[in-house]
Amino acid sequence: MFASMDPAAKRTENRMPMQVTVDLSSLDVRMPAQEGVTENISPRGARVLTSKPWKPNERLNVRSLLGNFRSRARVVYCVPVDREKYAVGLQLFATAGKWQSPN
């Protein structure tokens, strides 16, 4: 169920710390959507904390609840953080909008 990250793997782009509440929904309409919070983001990826594990390579839709950001995504990894939370690494595709609305 879980894939672990290779600690020797190098990122091709820097991640920016940002906490944004997001809605994660599976492409399988029978699965309920789930809320999560980003820990960090980059133009092509995000790390999201959720209360439900996601399977590696699972496809989903990501939607920011504080802005108009939308994206298709692929689960790269899912690792337990504690007994109630999972860190999910997402690869983002076809992104549009901003994570947060301008104040």
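Before reading on, note that the structure itself is shown above.
Residues numbered from 1 in each chain as written. Predicted model: local features only at pLDDT ≥ 70, side-chain atom pairs only at ≥ 80, totals over all residues. Heavy atoms only, no water.

## A short note on the overall build of the chain
Summing up its helical and strand segments, the chain has zero helices and seven strands in all. N-terminal to C-terminal, the α/β element order of the chain is β-β-β-β-β-β-β. Relative to its full complement of 103 residues, the chain shows a buried share of 38%. Contacts spanning at least 24 positions in sequence make up 58% of the contacts within the chain whose residues lie at least 6 apart. Of the accessible surface of the chain, which amounts to about 6,600 Å², a share of 51% is contributed by carbon and sulfur atoms. (Helix = DSSP H or I, 4+ residues; strand = E, 2+ residues; numbered from the N terminus. Buried < 20%, exposed > 50% of the residue type's maximum accessible area, 1.4 Å probe, protein only. Contact = heavy atoms within 4.5 Å. Areas by Shrake-Rupley, 256 points an atom, 1.4 Å probe, with all protein chains shown as cover.)

## Overview of the pattern of salt bridges
If charged atoms from side chains of opposite charge come close, those side chains can pair. Inspection of the entire model under this criterion finds three salt bridges. Between Arg-30 and Asp-28 there is a salt bridge, with its nearest N and O atoms 2.9 Å apart. On the basis of relative accessible area, Arg-30 is assigned to the exposed category, the value being 71%. Glu-39 serves as the salt-bridge partner of Arg-47, at 2.5 Å between the closest nitrogen and oxygen. For Glu-39, a relative accessible area of 31% corresponds to the partly exposed category. (Salt bridge = Lys/Arg side-chain N within 4 Å of Asp/Glu carboxyl O.)

## Quick word on the pairing of strand 4 (residues 45-50)
Within strand 4, five of the six residues are buried, which leaves the element mostly enclosed by the surrounding structure. Inspection of the sheet shows strand 3 (residues 34-42) paired to strand 4 by five bridges, in the antiparallel sense. Counted as the bridge partner of Ser-42 is Gly-45 from strand 4. Between the antiparallel neighbours strand 3 and strand 4 lie two residues. Pairing geometry for strand 4 and strand 7 (residues 86-96), over six bridges, is antiparallel. (Pairing = 2+ DSSP bridges.)

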